[in-house]
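# A closer look at the structure
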Amino acid sequence: MNPLTSVTATIVTGLILALLIIFGISEMGTVGIHFNELGLARWLHILSGIMWIGLLYYFNVVQVPGLAAAAADKGGPGGAGVTKYIAPRALLWFRWAAIVTWLTGFWYLGSAQQFVNALTLGHGGQDRYGLIIGLGMWLGSIMLFNVWVLIWPHQQKILGLVPATDEQKARSRKIALLASRTNFALSIPLILCMASATHGLPL
């Protein structure tokens, strides 16, 4: 059976390949294998972050404009298939990837003994790493709040997963769109901070 025919099997295949690399390289030229909690936390943080931000970009760059175009095309097939089959699944992965990204980020900072440094923005800017990674942490926390408090509850109304009047759905569309666009905008400096904390800002 081809593992690439199933999403779950493909993920498992990727994880097995990653583990082969981890154990294969770890055993080269070393005596014994030592658990690297910081490396594991960072890897899982990046992996879940790609899923979260990738879906955020998909929603804002592809799905929302695509549904608007489908609504404007009076002779076309419309967007019912997307809202019924694709959006709920994408939102499932989106919201849980957000949680995992946030938790693994805190795990990483705690393992690196940088949590308080990041929380206090490098103790008020005294530590550059803490300031930059802390800005990223706070932006990510705002984005997580938007996902679970603003986007997901209103998307449930839009998709008909919870009862709502047409007026409530219209209001929910506006709130969910603005929250999603806010996260889209915040993700740009977020990624800058996450990448630049250890590698330096572009300037």
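Heads up: the structure comes first, above all this text.
Residues numbered from 1 in each chain as written. Predicted model: local features only at pLDDT ≥ 70, side-chain atom pairs only at ≥ 80, totals over all residues. Heavy atoms only, no water.

### Section: the layout of surface pockets
- The calculated volume of the largest pocket comes to roughly 610 Å³.
- Taken together, 26 residues form the lining of the largest pocket, with His-45, Ile-46, Leu-190, Met-194 and Ala-195 sitting closest to its centre.
- Broken down by secondary-structure element, the contributors of at least two residues to the lining of the largest pocket are helix H2 (37–72), helix H3 (80–111), helix H6 (128–158) and helix H7 (166–199).
- Within this model, the second largest pocket holds a volume of roughly 510 Å³. (1 Å grid on protein atoms, 1.4 Å probe; cavity = no way out; pocket = protein on both sides within 12 Å on 5 of 7 lines; lining within 4 Å. Points joined across faces, edges and corners; volume = space filled by probe spheres on them. Helix = DSSP H or I, 4+ residues; strand = E, 2+ residues; numbered from the N terminus.)

### Some details on the nonpolar core
- Membership of the largest hydrophobic core comes to 21 residues, with the highest contact counts inside it found for Trp-52, Ile-53, Phe-59, Leu-91, Phe-94, Met-143 and Val-147.
- Beyond its immediate stretch of four places on either side in the chain, Ile-53 contacts Met-143, Ser-187, Leu-190 and Ile-191.
- With 10 residues, the next largest nonpolar core counts Ala-118, Tyr-129, Met-137 and Cys-193 among its residues. (Core = buried A, V, L, I, M, F, W, Y, C linked by side-chain atoms within 4.5 Å. Buried < 20%, exposed > 50% of the residue type's maximum accessible area, 1.4 Å probe, protein only. Contact = heavy atoms within 4.5 Å.)

### With respect to H3
- In this model, H3 (32 residues) spans 45 Å end to end at C-alpha, consistent with the 46 Å of a helix rising 1.5 Å per residue.
- The largest bend in H3 amounts to roughly 40° and is located at Ile-86, with the proline Pro-88 lying one to four residues further along.
- Every buried residue belonging to H3 is among Ala-87, Ala-90, Leu-91, Phe-94, Arg-95, Ala-97, Ala-98, Thr-101, Thr-104, Gly-105, Tyr-108 and Leu-109, and all of these are buried.
- Packing partners of the buried residues in H3 comprise H2, helix H4 (115–119) and H6.
- Gln-113 sits one or two residues past H3 and shows a positive phi near 55°. (Expected span 1.5 Å × (residues − 1). Bend = angle between axes of the 7 residues up to and from the residue.)

### With respect to the packing of H2 against H3
- Remark: H2 packs on H3, axes separated minimally by 7 Å, with the N-to-C direction vectors making an angle of 150°. Considering the angle they form, H2 stands roughly antiparallel to H3. For the pair H2 and H3, the sense of crossing is left-handed.
- A per-class count over the contact of H2 with H3 returns 23 nonpolar, nine polar and two charged. (Axes fitted to C-alpha atoms, helices over the stretch in contact; angles between N-to-C directions. Parallel < 35°, antiparallel > 145°, perpendicular 65-115°, else oblique. Left-handed = near helix turned anticlockwise from the far one by under 90°. Nonpolar A, V, L, I, M, F, W, Y, C, P; charged D, E, K, R; others polar.)

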